[in-house]
Amino acid sequence: MKLSPLYSNGVSCGFPSPADDHKEQPLSLDEHLITNPPATFMARANGDSMQGLGIFDRDVLIVDRSLTPMNGDVVVVALDGQLTCKILDLKRSRLLSANGNYRPIPVWEGQELIVEGVVKASIRYHRTA
């Protein structure tokens with residue numbers, strides 16, 4: 001586990017403040033993002049269907065299998081053997097995208113739906129090299 005410095009003030013996206021150089025205790029991304037290591041896996045997002053929630057193509061998803069999926073959670077599911085990341089709509093038995101270009105996916109009785117885990121966070125790379 002690598003510890004990195006954490007600045008106590010938020011990082012301004014406008015004009016910088018001279019008080020912003022005060023650091024808190026180091027921050028471990030493992031401890032911050034992964035609360036249950038044995039039940040957590042990472043997967044890479046593919047496509048643009050979740051962009052409305054800030055999940056973009058090639059982002060890394062932090063997925064926790066130990067969380068009980070609730071209505072409205074972003075989940076990774078296997079639907080008839082196909083893995084996908086969607087919003088869980090338990091009230092209407094369907095999976096939703098976060099992009100208006102995609103229709104809801106109904107989950108019919110008899111279909112195999114396995115919730116692999118709840119997406120707790122995503123990591124986006126702003127520079128690939």
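Just above sits the structure.
Residues numbered from 1 in each chain as written. Predicted model: local features only at pLDDT ≥ 70, side-chain atom pairs only at ≥ 80, totals over all residues. Heavy atoms only, no water.

Asker: I'd like to hear about the overall build of the protein chain, residue by residue, with values.
Answerer: Summing up its helical and strand segments, the protein chain has one helix and nine strands in all. Helices and strands appear in the protein chain in the N-to-C order β-β-α-β-β-β-β-β-β-β. Counting every position in the protein chain, which comprises 129 residues, the buried fraction comes to 29%. Taken as a whole, the protein chain presents about 9100 Å² of accessible surface, with 54% of it coming from carbon and sulfur. (Helix = DSSP H or I, 4+ residues; strand = E, 2+ residues; numbered from the N terminus. Buried < 20%, exposed > 50% of the residue type's maximum accessible area, 1.4 Å probe, protein only. Areas by Shrake-Rupley, 256 points an atom, 1.4 Å probe, with all protein chains shown as cover.)

Asker: With reference to specific residues and values, describe the environment of asparagine 101.
Answerer: Position of asparagine 101 among the secondary structure elements: in the loop between strand 7 (94-96) and strand 8 (105-106). On a C-alpha basis, the gap between asparagine 101 and serine 49 in space is 7.7 Å, while along the polypeptide they are 52 residues apart.

Asker: Before we move on, could you go through the side chain of lysine 86 and cite the residues and values that matter?
Answerer: Structurally, the position occupied by lysine 86 is in strand 6 (residues 82-89). Here lysine 86 occupies a buried position and makes no salt bridge, while the nearest side chain of opposite charge, aspartate 48, is found at 7.9 Å. Of the polar contacts made by the side chain of lysine 86, one reaches the side chain of serine 49; its length is 2.8 Å. Dropping the residues within four chain positions of it, lysine 86 is found in contact with Ser49, Met50, Asp73, Val74, Val75, Leu95, Leu96, Ser97 and Ile105. (Lys, Arg positive; Asp, Glu negative; His and termini not counted. Salt bridge = Lys/Arg side-chain N within 4 Å of Asp/Glu carboxyl O. Polar contact = N/O pair within 3.5 Å; in protein donor to acceptor, adjacent residues only side chain to side chain. Contact = heavy atoms within 4.5 Å.)

Asker: Describe the nonpolar core, and please don't skip the residues or the numbers.
Answerer: The tendency in soluble globular proteins is for nonpolar side chains to be buried as a group. Ala45, Met50, Ile55, Leu61, Val63, Val74, Val76, Cys85, Ile87, Ala98 and Val119 form the largest nonpolar core, which has 11 residues in total. Contributions of two or more residues to this core are made by strand 4 (60-64), strand 5 (74-79) and strand 6. Other than its neighbours up to four places away in sequence, valine 63 contacts Ala39, Thr40, Phe41, Val76, Gly117, Val118 and Val119. In terms of nonpolar packing, the next biggest core, distinct from the first, is built from seven residues, Val75, Leu79, Leu95 and Val107 among them. (Core = buried A, V, L, I, M, F, W, Y, C linked by side-chain atoms within 4.5 Å.)

Asker: Could you give an account of the sheet that holds strand 3 (residues 40-44), with specific residues and numbers?
Answerer: Across the sheet, which stays open at both edges, the seven strands sit in the order 3-4-9-5-6-7-8 with antiparallel pairing between neighbours. Only two strands of the sheet have a single neighbouring strand rather than two, namely strand 3 and strand 8. Looking at chain direction, strand 5 and strand 6 are connected through six bridges and run antiparallel. When the bridges of strand 6 are listed, valine 76 appears paired with cysteine 85. (Pairing = 2+ DSSP bridges.)

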